[in-house]
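Notes for the structure review
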Amino acid sequence: MRIYFCGSIRGGRQDLAIYQRIVQKLQTFGKVLTEHVSHSDISEKGEDAALKGDKEIHDRDVEWLVTADVIVAEVTQPSLGVGYELGRAVAMHKKILCLFRPSSGRVLSAMIRGADSGSQSSLFKVQDYTEDEVERVLQDYFSGLSTNTDTQ
Ligand SMILES: O=c1[nH]c(=O)n([C@H]2C[C@H](O)[C@@H](COP(=O)(O)O)O2)cc1CO
């Protein structure tokens, strides 16, 4: 399973510790293409622009999106890049899980929450969670995916 993880970089790195827990758990389900999003040496300046220009970062990430089986996004810290990735992934008809922590005091964008039709079969899911339950929430989502695959 190829998993594309989205998390804020230039939007702010405040949630880095939770990104690390998410990526660690995702690695038990498959290959995380964007593991670097959880690296503590990537600041809010982004990946080393001298090594990789913005165009290279964009083109590489869109290519990874194309090959991904599932997208998991932590959307509590608002990020233009994450919003863009999600819009592109919707257009590609990918399975998407967005994770949001209401305890942050923020209200999630209607363009993200409203993309979840609420139906069982929706490809786009928004899940509210608290930090202590993040591994369980991921476990439940991925168990559901394999059950669906088994019955297809
Ligand atoms: O250096 C980068 N590398 C990179 O892979 N990204 C991608 C992955 C993240 O899910 C998303 C973060 O966007 P932003 O930087 O606008 O918060 O964009 C974004 C940047 C910097 O914008």
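Preceding block: the structure.
To start, this report covers the structure provided alongside it. All values reported here derive from a predicted model rather than from experimental measurement. (Residues numbered from 1 in each chain as written. Predicted model: local features only at pLDDT ≥ 70, side-chain atom pairs only at ≥ 80, totals over all residues. Heavy atoms only, no water.)

Some points on the site of the ligand
In the neighbourhood of the ligand, 17 residues make up the surrounding shell, with Arg10, Glu47, Asp61, Ser79 and Glu85 lying closest. The contact in question runs from a nitrogen atom of the ligand to an N or O atom on the side chain of glutamate 47, over 2.6 Å. Contact between the ligand and serine 79: an oxygen atom at 2.7 Å from a side-chain N or O atom of the residue. Relative to its unbound accessible area of 450 Å², the ligand is 90% covered by the protein chains. When contributions to the shell around the ligand are tallied by element, the ones reaching two or more residues are helix H2 (54-67) and helix H3 (80-91). By residue class, the composition of the shell around the ligand is 5 nonpolar, 7 polar and 5 charged. (Near = heavy atom within 4 Å. Polar contact = N/O pair within 3.5 Å; in protein donor to acceptor, adjacent residues only side chain to side chain. Areas by Shrake-Rupley, 256 points an atom, 1.4 Å probe, with all protein chains shown as cover. Helix = DSSP H or I, 4+ residues; strand = E, 2+ residues; numbered from the N terminus. Nonpolar A, V, L, I, M, F, W, Y, C, P; charged D, E, K, R; others polar.)

Observations regarding the packing of H2 against H3
Taken N-terminus to C-terminus, the directions of H2 and H3 make an angle of 40 degrees; their axes are 10 Å apart at the nearest point. Relative to H3, H2 is oriented oblique. Our pair here, H2 against H3, has a crossing hand that is right-handed. When H2 is examined against H3, the residues His58, Asp61, Val62 and Leu65 are found in contact with a partner set consisting of Tyr84, Glu85, Arg88 and Ala89. Tallied by class, residues from the contact of H2 with H3 come to 4 nonpolar, 1 polar and 3 charged. (Axes fitted to C-alpha atoms, helices over the stretch in contact; angles between N-to-C directions. Parallel < 35°, antiparallel > 145°, perpendicular 65-115°, else oblique. Left-handed = near helix turned anticlockwise from the far one by under 90°. Contact = heavy atoms within 4.5 Å.)

A few points about the packing of aromatic side chains
Scanning the entire structure with this criterion turns up 3 aromatic pairs. When the centroid spacing of 5.6 Å and the interplanar angle of 65 degrees are considered together, the rings of phenylalanine 5 and tyrosine 19 count as edge-to-face. In this pair, phenylalanine 5 is assigned in strand S1 (residues 2-6) and tyrosine 19 in helix H1 (residues 16-26), connecting sequence segments 14 residues apart. In terms of burial, phenylalanine 5 and tyrosine 19 fall into one category: buried. A centroid spacing of 4.4 Å and a plane angle of 5 degrees characterise the contact between phenylalanine 29 and phenylalanine 142, whose relative ring orientation is stacked. Here phenylalanine 29 is found in the loop between H1 and strand S2 (31-32), whereas its partner phenylalanine 142 is found in helix H5 (residues 134-151), with 113 residues between them in sequence. There is no split in this pair, since phenylalanine 29 and phenylalanine 142 are both buried. Connected via pairs of aromatic rings, a cluster forms that spans Phe29, Tyr141 and Phe142. (Phe/Tyr/Trp six-rings, centres within 6.5 Å; stacked < 30°, edge-to-face > 60°. Buried < 20%, exposed > 50% of the residue type's maximum accessible area, 1.4 Å probe, protein only.)

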